Amino acid sequence: MYCLNQKQVDDYHRDGYLSPLGLLSGQEVLHYAEQYHAARDEADDKNFDHHGERYFRTNSHLVIPFVNEITRHPKLLDMVESILGPNLLVWSAEFFVKPARSEKIVSWHQDLTYWGLGEVDDELTAWVALSDVNLASGCMRFVPGSHKQSIQPHRDTFGENNMLSRGQEIAVDVDEDAARLIELEPGQVSFHHGRMIHASGPNTTSSPRIGLAIRYITPSVRQQVAKRDYAMIVRGLDESGNWIAIAPPSENFQPSCMKLHKRVRLEQLEALAQGAEETLSTER
Ligand SMILES: O=C(O)CCC(=O)C(=O)O
């Protein structure tokens, strides 16, 4: 019903991204922003040995029901289906939050570099804005067409303000002048390909910049580095045997879901940490 038109699909394949796309109503944005702050407050109250951030930073859909709900939003799935086809899994759902006046940045990189999923075309990130996302608040920048290249060499920086797990950055020159600003209003979403070269700058505004990056894959994608991997079916069927199926949470931070979150995090770390010059924190 909310399928993309042929021009949008062609644009995605040509440029490696599509933006902006309308997704959530004003009411839905308010509702989800409220749920986000409530989940943050709950995590703060529960403390989780000071490691509550981990439940927002990766695989949030395993422990926070409203995140799982967004990943299954029918309008979003219709749009993703237009590109990836009828069988859709969520591999991860990650909050990228830059607090007000924050130096946090994301260096130029290609997502698929350290995920162990290969150089596939059957992965797409839907980045959902729950706040105003613009140049001043540190929106993403995409180099159009860069997904047509293979994965380029990256180096670790472990930079203090870098939001990526290894502070990884691409080790070749990036044509920054060609990059497009991906500005979004609250409730809009952008799509990008896993080989898209992208980055984002600091948040210079007085409000937090809140985005949820949902990594969709098709069942044919496989984990090629870690021993096994997990994904949640959100539309259609998975008969591939490539993924350990996981069930959605029914309440925030249920103990069984946190246990599963830990297992998935540690197993995925095997791929993420391959070749790293420093030991990766198991908390991110
Ligand atoms: O939120 C950001 O600024 C960067 C997010 C990103 O790199 C991604 O979703 O792949």
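Above this text you will find the structure in question.
To keep things clear, this report deals only with the structure shown in the data block. (Residues numbered from 1 in each chain as written. Predicted model: local features only at pLDDT ≥ 70, side-chain atom pairs only at ≥ 80, totals over all residues. Heavy atoms only, no water.)

Tallying secondary structure elements over the protein chain gives 6 helices and 13 strands in all. Rg of the C-alpha trace for the protein chain: 17 Å, near the compact-globule value of 19 Å for 284 residues, within the 12% margin. Structurally, the protein chain occupies a C-alpha span of about 45 × 45 × 45 Å along its principal axes. Taking all 284 residues of the protein chain together, the buried fraction comes to 55%. Residue pairs at least 24 apart in sequence account for 83% of intrachain contacts in the protein chain once pairs closer than 6 positions are excluded. In the form shown here, the protein chain has an accessible surface area of approximately 12,500 Å², with 47% of it arising from carbon and sulfur atoms. Of the side-chain charges in the protein chain, 28 are positive and 40 negative, and the distance between the mean point of each set is 3 Å. (Helix = DSSP H or I, 4+ residues; strand = E, 2+ residues; numbered from the N terminus. Rg over C-alpha atoms; globule rule 2.2 N^0.38 Å. Buried < 20%, exposed > 50% of the residue type's maximum accessible area, 1.4 Å probe, protein only. Contact = heavy atoms within 4.5 Å. Areas by Shrake-Rupley, 256 points an atom, 1.4 Å probe, with all protein chains shown as cover. Lys, Arg positive; Asp, Glu negative; His and termini not counted. Charge placed at Lys NZ, Arg CZ, Asp CG, Glu CD.)

Looking now at the packing of aromatic side chains. Taken as a whole and assessed by the stated rule, the structure comprises 11 aromatic pairs. Centroid distance Tyr-36 to Phe-95: 5.1 Å. Interplanar angle 45°. Geometry classified as tilted. Linking Tyr-36 in helix H2 (residues 26–46) with Phe-95 in strand S2 (residues 88–98), this pair joins segments that are 59 residues apart in sequence. Summarising the burial analysis for this pair, Tyr-36 and Phe-95 share the class buried. For the ring pair Phe-66 and Phe-95, a centre distance of 6.2 Å and an interplane angle of 45° mean the geometry is tilted. In this pair, Phe-66 sits in helix H4 (residues 65–71) while Phe-95 sits in strand S2, placing the two residues 29 residues apart along the sequence. Residue Phe-66 shares its accessibility class with Phe-95, and that shared class is buried. (Phe/Tyr/Trp six-rings, centres within 6.5 Å; stacked < 30°, edge-to-face > 60°.)

Residues Leu-76, Phe-95, Leu-124, Val-189, Phe-191, Tyr-216 and Phe-253 are the most contacted members of the largest nonpolar core, which totals 45 residues. Sequence-distant contacts of Val-189, defined by excluding residues within four places in its chain, comprise Leu-18, Ser-19, Pro-20, Leu-21, Leu-23, Leu-76, Met-79, Ala-126, Trp-127, Val-128 and Leu-184. Counting residues in hydrophobic clusters, the runner-up holds 15 residues, among them Val-133, Cys-139, Leu-164 and Ile-182. (Core = buried A, V, L, I, M, F, W, Y, C linked by side-chain atoms within 4.5 Å.)

Two strands pair when backbone bridges link them, and S2 and strand S12 (residues 230–235) are joined in this way by 3 bridges, in the antiparallel orientation. Bridge assignment links Val-90 to a residue of S12, and that residue is Met-232. When S12 meets strand S13 (residues 244–245), the two strands line up parallel, connected through 2 bridges. The residue of S13 that forms the bridge with Ala-231 is Ala-245. (Pairing = 2+ DSSP bridges.)

The subject of this paragraph is the sheet that holds strand S5 (residues 140–142). Read across the sheet, 4 strands follow the order S3-S10-S5-S8 without closing on themselves; strand pairing throughout is antiparallel. Only two strands of the sheet have a single partner each, and these edge strands are strand S3 (106–109) and strand S8 (180–182). Shown here is a sheet whose adjacent strand axes are inclined to one another by a mean of 25°, direction ignored. By the bridge criterion, 3 bridges tie S5 to strand S10 (residues 198–200) in an arrangement that is antiparallel. Looking at S10, one finds that Arg-141 is bridged to Ala-199. (Axes fitted to C-alpha atoms, helices over the stretch in contact; angles between N-to-C directions.)

Note that every value here comes from positions in space, so none of it alone points to a role or purpose.
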